[in-house]
Number of protein chains: 2
Amino acid sequence: MQIETPYLMFLGDVPDTLAAKTAYGIKDWRPEWCVGQMRLPGCAADLGIPDLTLDEAMAKGCRTLVIGVANAGGILPGHWVSEIVAALNAGLDIASGLHARLGAVPEIAAAAKANGRQLHDVRHTHETFATGKGTKRPGKRLLSVGTDCSVGKKYTVLALERGMRERGLDADFRATGQTGVFISGRGVAIDAVVADFISGAVEWIAPAADPDHWDLLEGQGSLFHPSFAGVSLGLLHGAQADAFVVCHEPSRTTMRGVQHPLPTIRQVIDLTVQLGRLTNPDIRPVGIAVNTQSLEEGAARALLADLAHEHGLPATDPVRFGVDAIVDRLVAEFPKAAA
Amino acid sequence: MQIETPYLMFLGDVPDTLAAKTAYGIKDWRPEWCVGQMRLPGCAADLGIPDLTLDEAMAKGCRTLVIGVANAGGILPGHWVSEIVAALNAGLDIASGLHARLGAVPEIAAAAKANGRQLHDVRHTHETFATGKGTKRPGKRLLSVGTDCSVGKKYTVLALERGMRERGLDADFRATGQTGVFISGRGVAIDAVVADFISGAVEWIAPAADPDHWDLLEGQGSLFHPSFAGVSLGLLHGAQADAFVVCHEPSRTTMRGVQHPLPTIRQVIDLTVQLGRLTNPDIRPVGIAVNTQSLEEGAARALLADLAHEHGLPATDPVRFGVDAIVDRLVAEFPKAAA
């Protein structure tokens, strides 16, 4: 799936900003791709970018209308259909993060066909994957792993991509979730892939590359989460991670959606190394990323210092304090091959 | 999904017998349903039942052509299509264990419609699953795990079902793969479930039950297999296994389809206990099941004795020597609740 950029961000008439969190994520990390937004009467979200008509968006070179919103049940509301059809008629592709498939709406399917436009359902994939082979491939890969779901795994690798590129390193974010696919313009929502092909899909997402190139893979779930550990393990094996960063959210008391307690950071490091060695015997941790949003700055810095000392690893909040310390460690641990 | 019996077993032109393990499994456990086989030139598999033309199969009352092969990736080879269309034209339904959907091939879809025949894609399900919750549920569960794929995990639990029922125990085979679904007439091919729902689907396959009831869950893959470990882990977590049997094939030198060496039985026991404790802290091994087909009887018995001694567990070849020793251990380890 290759989504053409730049995007016109369709927000519909969502009742709050949370319903548009995918759109906010795209705007935060790819502002240069977001030429404008399109909102219907009653829309409570605002990305802070120009409201554009379809003609205005086309004049700015826009290629794709992005439906970066969620509504109850993931359904496509009937009154959005005419807007989507109009966008197709204007010459835009459509990319949607809804559960409902765009092509299942006859008017949309017909308009896409008539205009020769693409419909991208980011939560679904038509890509056929091979099963994972586990054969070591060239290029370097970093995976963000977590003590739980929703602890900042995507933001961590996006921040690393930015920080590594600023240092002149050759690094690419590799999406494995729907928001990430919009942000990278490419990838697969790994949690929608058939179970047999998880690691194979990851081998496809982050293929063989130059020996000094880094793929920065967005992790999913946690090896300790009873609902999703299988996904996390397939992702770890497919990534053949050389390096990983443990992501953590210190205010969490139980794992998301279940009654299980959170594992410790030490447990996550140990199990990730133990299981990751199957496809990369040299896997090692290079940092700890903590979402410190719930803490005052002093408390956040103290926690990070404690974690860094305890684990002998750089510990930071990537959004609040940057990723320099982790990039330093990465450069030290993985010196570039001689030219 | 109701598959009409008896079956004509389609083997195509598979290059070895292992690739036809679905067909062998059905023939071994439901011989009364298998009226004959259909093979293409070059086929290296042979079920030891009559080779029949479509007309001969119809004359024997056959109702369904079963595509009983499991090739890498589950692809439907182009040169099988005309054979499948001919079977539909002759009046047979088609049931397939491949990942590829029969109805996705236009010629097959058209022939099914024209003849009013059913297409069963056993690896696909229309069932909607919740994500796994990991909450301990009543009833007992045994899972077969393996040092590799295709080492007898299904045979082991089918033999245990037979052996336990002969002892008056309340035990049910629970299919998690396409062959098991053909054999039991129910279940879900877990390796075709969307990755997010693996453990949730297993919670659905083996639901809460009477405290003395045993669900005997067919394992898949191996925690040490780089292609499929994620599936194996989701299955282990969803099963909340009280007991497990390690299945092994001693002639294997590398894991199936990849270059990785086999883990030891000890490694499989240790990792299964370590990871299984997340959803069942009391998980324990109750036996070792070895496919000794490649060994003389004396060598087979010696190997089993060595393994039993080394691991302090009953070790048997379920097909060759029965499962009494494992059932003995199970009864001893899990005494029935007082009436």
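Reading guide: rules and limits
- Residues numbered from 1 in each chain as written.
- Chains lettered and ligands numbered in written order.
- Predicted model: local features only at pLDDT ≥ 70, side-chain atom pairs only at ≥ 80, totals over all residues.
- Heavy atoms only, no water.
- Buried < 20%, exposed > 50% of the residue type's maximum accessible area, 1.4 Å probe, protein only.
- Helix = DSSP H or I, 4+ residues; strand = E, 2+ residues; numbered from the N terminus.
- Arc of directions from axis to C-beta.
- Disulfide = S-S within 2.5 Å.
- Pairing = 2+ DSSP bridges.
- Axes fitted to C-alpha atoms, helices over the stretch in contact; angles between N-to-C directions.
- Contact = heavy atoms within 4.5 Å.
- Domains from an automatic or database assignment.
- Buried area = accessible area lost by both parts, 1.4 Å probe.
- Salt bridge = Lys/Arg side-chain N within 4 Å of Asp/Glu carboxyl O.
- Nonpolar A, V, L, I, M, F, W, Y, C, P; charged D, E, K, R; others polar.
- UniProt positions renumbered as here; feature names shortened; annotations may be inferred.

Colleague: Lay out helix H4 (residues 106-115) of chain A in plain terms, naming residues and giving numbers.
Modeller: Residues and elements named next belong to chain A. Within H4, burial applies to Ile108, Ala111 and Ala112. Buried residues in H4, looked at end-on, bunch into an arc of 100 degrees, giving them a common side. Away from its buried face by more than 90 degrees, H4 exposes Pro106, Lys113 and Ala114. Following H4 by one or two positions, glycine 116 has its phi on the positive side, about 65 degrees.

Colleague: Residues and numbers for the state of the cysteines, please.
Modeller: Overall, the coordinates contain zero disulfides over all chains when judged by the stated rule. The thiol of cysteine 34 of chain A is unpaired, and the distance to the nearest cysteine sulfur, on cysteine 62 of chain A, comes to 9.5 Å. Classification of cysteine 34 of chain A as buried rests on a relative accessible area of 7%. Of all cysteine sulfurs in the structure, the one in cysteine 149 of chain B sits closest to cysteine 247 of chain B, which takes part in no disulfide; the separation is 12 Å.

Colleague: Provide a residue-level description of the sheet that holds strand E1 (residues 7-12) of chain A, including the pertinent values.
Modeller: Residue and element names in this part refer to chain A. Strand order in this open sheet of five strands is E2-E1-E3-E4-E5, and the pairing throughout is parallel. The sheet terminates laterally at strand E2 (34-39) and strand E5 (119-121), the two strands that pair on one side only. Strand-to-strand twist of the sheet, defined as the mean angle between neighbouring strand axes without regard to direction, takes the value 20 degrees. On top of the sheet, helix H1 (residues 21-29) reaches E1, E2 and strand E3 (64-67); it is set at about 155 degrees to E1, its chief contact.

Colleague: Provide a residue-level description of the domain arrangement of chain A, including the pertinent values.
Modeller: All names here are of chain A. We note that the domain assignment places domain 1 (7-121) and domain 2 (140-333) within chain A. In this structure, domain 1 and domain 2 have C-alpha centres spaced 29 Å apart. Of the roughly 1,100 Å² buried at the junction of domain 1 and domain 2 (both faces included), carbon and sulfur atoms supply 59%. Area buried by domain 1 at its contact with domain 2 is led by Thr22, Trp29 and Arg30, which between them contribute 56% of it. At the junction of domain 1 with domain 2, the criterion picks out one salt bridge. A salt bridge links arginine 30 to glutamate 161, with the nearest nitrogen and oxygen atoms 3.0 Å apart. Put simply, the parts of the chain that give the side of domain 1 that touches domain 2 at least two residues each are H1, E3 and strand E4 (93-96). Here the residues of the side of domain 1 that touches domain 2 sort into seven nonpolar, four polar and two charged.

Colleague: Requested: an account of the UniProt feature "domain: D-glutamate N-acetyltransferase-like C-terminal" (unreviewed entry) in chain A, with residues and values cited.
Modeller: UniProt's feature table lists "domain: D-glutamate N-acetyltransferase-like C-terminal" (unreviewed entry) at residues 129-327 of chain A, given in the numbering used throughout. End-to-end, the C-alpha atoms of residues 129-327 of chain A are 32 Å apart, and along that stretch the chain is 38% helix and 15% strand.

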